[in-house]
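Survey of secondary and tertiary structure
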Amino acid sequence: QVRLIESGGGLVRPGGSLTLSCTVSGGTFTNYPVSWYRQAPGKERELVASISVRADSSFYADSVKGRFTISRDDAKNSVYLQMNSLEPEDTAVYYCRRRSFPNYWGQGTQVTVSS
């Protein structure tokens, strides 16, 4: 049974940093692109970052470009999202997704940016 579990969320001050982790069990990330999404209250779930199979390409939403970095370590069955210069607008539940057939999603981890 493939399961994705996010961790690393929490409360952080504006301008601070957090690193989110997504670890897969019952399967691997090998041969699959992986993405991070977020959903803020009252808003649609949005794509924030994606990483290619070989980590030779990545995508970032304009709202996070230059502040967030996605990376992967297939040997550790993990994908990461380094978030710097956090803003209150980054407050959301963050989800990881293995872009496979079928897709697999984690349960999400809450990130709250507040003073």
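Preceding this section is the structure that the text describes.
Residues numbered from 1 in each chain as written. Predicted model: local features only at pLDDT ≥ 70, side-chain atom pairs only at ≥ 80, totals over all residues. Heavy atoms only, no water.

As a further point, take unusual backbone geometry. Of note, the bond from Phe-101 into Pro-102 is cis; its omega dihedral lies within 30 degrees of zero at 5°. Along the chain, the position of Pro-102 falls in the loop between strand S9 (92-98) and strand S10 (104-105). Positive phi, normally seen in glycine, also occurs at Ser-85, with a value near 50°. The residue Ser-85 is located in the loop between strand S8 (78-83) and S9 in this model. (Helix = DSSP H or I, 4+ residues; strand = E, 2+ residues; numbered from the N terminus.)

Two orientations exist for strands paired in a sheet by backbone hydrogen bonds: parallel and antiparallel. Taken in spatial order, the 4 strands make up an open sheet running S1-S3-S8-S7, and their pairing is antiparallel. Two strands lie at the open edges of the sheet, namely strand S1 (3-7) and strand S7 (68-73), each paired on one side alone. For this sheet, the mean inter-axis angle between neighbouring strands, taken without regard to orientation, is 15°. Taken together, the 6 bridges between S7 and S8 define a ladder with antiparallel strand orientation. Opposite Asp-73, over in S8, you have Ser-78 as the bridge partner. (Pairing = 2+ DSSP bridges. Axes fitted to C-alpha atoms, helices over the stretch in contact; angles between N-to-C directions.)

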